[in-house]
Amino acid sequence: MVMKALIVDDEFHAREELEALLNETGEFQVAGKCANALEAIQAIRREKPDVLFLDIQMPAINGFELLSMIDESHMPIVVFVTAYDEYALKAFEESPLDYLLKPVEKARLAKTIQKIRRLQKNGEHPVYAGQAIRKIPCLLSSKVKLVNVDDVEYVRSSEAGIYVVTASAEYYTELSLATLESRTGLVRCHRQFLVNLDLIDEILLQENLLAEIKMKSGKRVPVSRRHLKKLKETLQF
Amino acid sequence: MHLLLHLIQAMAVFVVIAYAYCKSPWFRPVVFGSLGARDKIVLYLFFSLLSILGTYLGMPVQDAIANTRAIGPVLAGLIGGPLLGTAVGFTGGLHRYFLGGFTALSCSVSTTVEGTIGGLVCLYLYRKGRQEKRLDPKVGFLTTFFAELVQMAIILLVSRPFGDALSLVQTIAVPMILSSSMGAALFLNMVQDQRNIFDRVAATTSARALKIAERTVNILRRGFNRESAADLAQVIHEEAAVGAVAITDTEKVLAFVGYGSDHHLPGEPIASALTREAIEENRVVFVDGVRASYACPLSKDCPLHSVLVVPLEVDGRVIGTIKLYERSSQRFLNMNRALGEGIASLLSNQLLQSQYEMQKSLLVRSELKLLQAQVNPHFLFNALNTIVSILRNDAGRAKDLLIHLSNLFRKNLNRSEDLSTLEEELEHVHSYLEIEKARLAGRLQVDMEIDPTLLGLRMPTFTLQPLIENAIKHGISNMLEPGRAVIRARRDNGIALIEIEDNAGSFVEKEVRDGHGIRIVDKRLKILFGAAYGTTVACRPGEQTKVTVRIPVGGG
């Protein structure tokens, strides 16, 4: 069975080379090549690849950070590809992660393929201990804005997508609510909302076990019946 | 004719006196041109005696005396001004007056006038700012010549009967005018020779001091220790030509060269109370061997008799002494004392300088090594991967890149000189940029705006590389959008500015970690060119980082 692969590397020639190498093995179908983390998040959601070949050193969001931004439900098997990273890679030696050094040797790639096959055969669902997200990548018209988690008042999900809201602005992000909930300190207060507890001004209790949160900026965030109980426990009121 | 010969004889006596005078201590003020009241009295007495002697050495002619009396007053006037000239002339004249004869009055008046004339010439030359000319033999000759002419006129005007006066002047005029003028000229000639000798001595002393400075500057670069002190003492001993030279630190003798080196041994603790005094009180101690003698604490047979101990001071702290000795048979020359103190202050300065330079260069050099080492792994493996990738489709380009890579590393390894020209720096950077452009494909654009007249500009080697690397590694390669770097070299108010701009504007957040390269570049520029030069960074976050390097045009 041919595996679906996604290549993420900020260098054009590195992507081309790896694609050629993967094609030569006959084991992969390269579903896409991404130049940065944002393209990668979209492509993973769209293509649902089996294997992700991920460069570590990339602009704005590096490979490790990207890993923590992928929804666990879509998590592919990850192979780090790096030119040189003596320290960071040591930490992954015991994990299901594999890594390749650039320039990539065919023989070394063959071993990696064996390891991936073994993982698939065992049916293991890859779980990677992701690090906390400190900055949320958000798309502006032509730029990427990295929004500091501490500045976020709340995150809301709508049909148009996920929006990160600060006191002064609102940004669109590719990250899912589930990812943000598990990798940041933001707390779920509603099916469609995460809230930053540090920026809450007051909580207005309503009838029907509903509530509304007033943020320091004055913005209001709804609290659903289901989440009010947990919120009460967390904040002890 | 007989008269002329006689007067020349008298003049010869003057020349001998002049010679003796030039060798005497009273002559010094004349050389150095500063006459105090005491000096003027001495000059007055000397030239008055000279004038009176002129009268006595004269020859009686027709109830008068043919003489060289004028030389004293004229010279006194020339050297000491109108007052001194007139006073000497008056004294000589008064003496002549009491000798009597029909020219007694006229001669005494004229001698006074002659002194005044000498003085007026002196005054005139001072006003013109050409006072040096007053000791010129030619000026002396002409002044005396004129003064004697005036004397003849006065004799004719004052002495009676006129017939006798006229007859006298006819006889004495030519011999007196000639002999006196020549006498004055010869006297001044002697004075000038003596001055030249003084100048030469002063020049020799300066030359010796400079020679020592020149020979010691490289020795002290090696620090202040037993080896360098031994070389230092050797040089000073050779150049200062004293009996012995010692150099100590604050506890022991570091070096000893010359007489007494059999018992004055390097490595021994300081034995002399004089040296300890010099160190503790940070002052020059001098025992001249006349009023007090240096008694060697180590050996009774020590030939050394006089000593000069000068502390060596660095940053206000005494770190040792330098000692010059003379044997009992040699007088400790004042000149050598001055030289000794001069050498000590010179060595102190050189020590301070070398200490400072050594610390700085050690620091900067090790940091530079670190910087060069930092270039390696990431860059190298990424570059190799890029080349391997390109090789698949474009072997020619891959080959070019490999050559750039080997150029870059060769230059990194070989660039041992301290200074490079802008052109060399740009060449070095060129290979680096070619590789980075290939690696980042369309994401890096580099524009050069170089004033071609600045290509010869000199700066520390590795000035540009770290700055450009910084702009790319920590700037443009972290951008999601395409990056643009500008390397600019231009003149601004007589200073060369090299600007390295990128459109990442990520300097501030990276400052703490990666400002390293810029800091070293800045430090090296400041050491080389001074605090007014170096690097400055301006950053508009997210828009632009601009590093500006200021270098003096024609500096270095």
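Scroll up to find the structure this text is about.
Figured I'd write up the structure that's included with this text. These numbers come from a predicted model, not from an experiment.

So, on to the overall build of chain A. Assigned secondary structure in chain A consists of six helices and 15 strands. Scored against the burial criterion, the 237 residues of chain A give a buried share of 36%. Here the contacts in chain A between residues at least 6 apart in sequence split such that 56% fall between residues at least 24 apart.

The next thing to look at is the environment of Cys 138 of chain A. Residue and element names in this part refer to chain A. Within the fold, Cys 138 resides in strand S6 (residues 135-139). For the pair formed by Cys 138 and Val 164, sequence separation is 26 residues and the distance between their alpha carbons is 8.0 Å. Excluding residues that lie within four positions of it along the chain, Cys 138 makes contacts with Lys 145, Val 147, Val 164, Tyr 171, Tyr 172 and Thr 173.

Moving on, we get to the interface of chain B and chain A. With 18 residues of chain B at the interface, the matching set in chain A holds 15 residues. A per-class count over the side of chain B that touches chain A returns nine nonpolar, seven polar and two charged.

Turning to the sheet that holds strand S9 (residues 444-450) of chain B, a few remarks are in order. All names here are of chain B. Across the sheet, five strands lie side by side as S9-S11-S12-S14-S13; this open sheet has mixed pairing. Of all strands in the sheet, those with a lone pairing partner are S9 and strand S13 (534-540), marking the two edges. Direction aside, neighbouring strands of the sheet carry axes that sit 15° apart on average. Bridge analysis of strand S11 (residues 483-492) against strand S12 (residues 495-502) gives eight bridges, and the strand direction is antiparallel. The residue of S12 that forms the bridge with Ala 485 is Asp 502. Strands in contact with helix H15 (residues 464-473) are S9, S11, S12 and strand S14 (544-552); relative to S12, the strand with the most contacts, it is inclined by about 20°.

Here the focus is the pairing of strand S9 (residues 161-166) of chain A. All names here are of chain A. Where strand S8 (residues 152-158) and S9 come together, six bridges link them in antiparallel fashion. Its bridge partner lying in S9, Ser 158 is registered against Gly 161. Hairpin geometry of S8 and S9 is characterised by an intervening segment of two residues between the two adjacent antiparallel strands. Connecting S9 to the next strand, strand S10 (residues 170-173), in antiparallel fashion are three residues.

Rules behind the numbers
- Residues numbered from 1 in each chain as written.
- Chains lettered and ligands numbered in written order.
- Predicted model: local features only at pLDDT ≥ 70, side-chain atom pairs only at ≥ 80, totals over all residues.
- Helix = DSSP H or I, 4+ residues; strand = E, 2+ residues; numbered from the N terminus.
- Buried ≥ 20, exposed ≤ 12 C-beta atoms within 10 Å, placed from the backbone.
- Contact = placed C-beta atoms within 7 Å.
- Nonpolar A, V, L, I, M, F, W, Y, C, P; charged D, E, K, R; others polar.
- Pairing = 2+ DSSP bridges.
- Axes fitted to C-alpha atoms, helices over the stretch in contact; angles between N-to-C directions.

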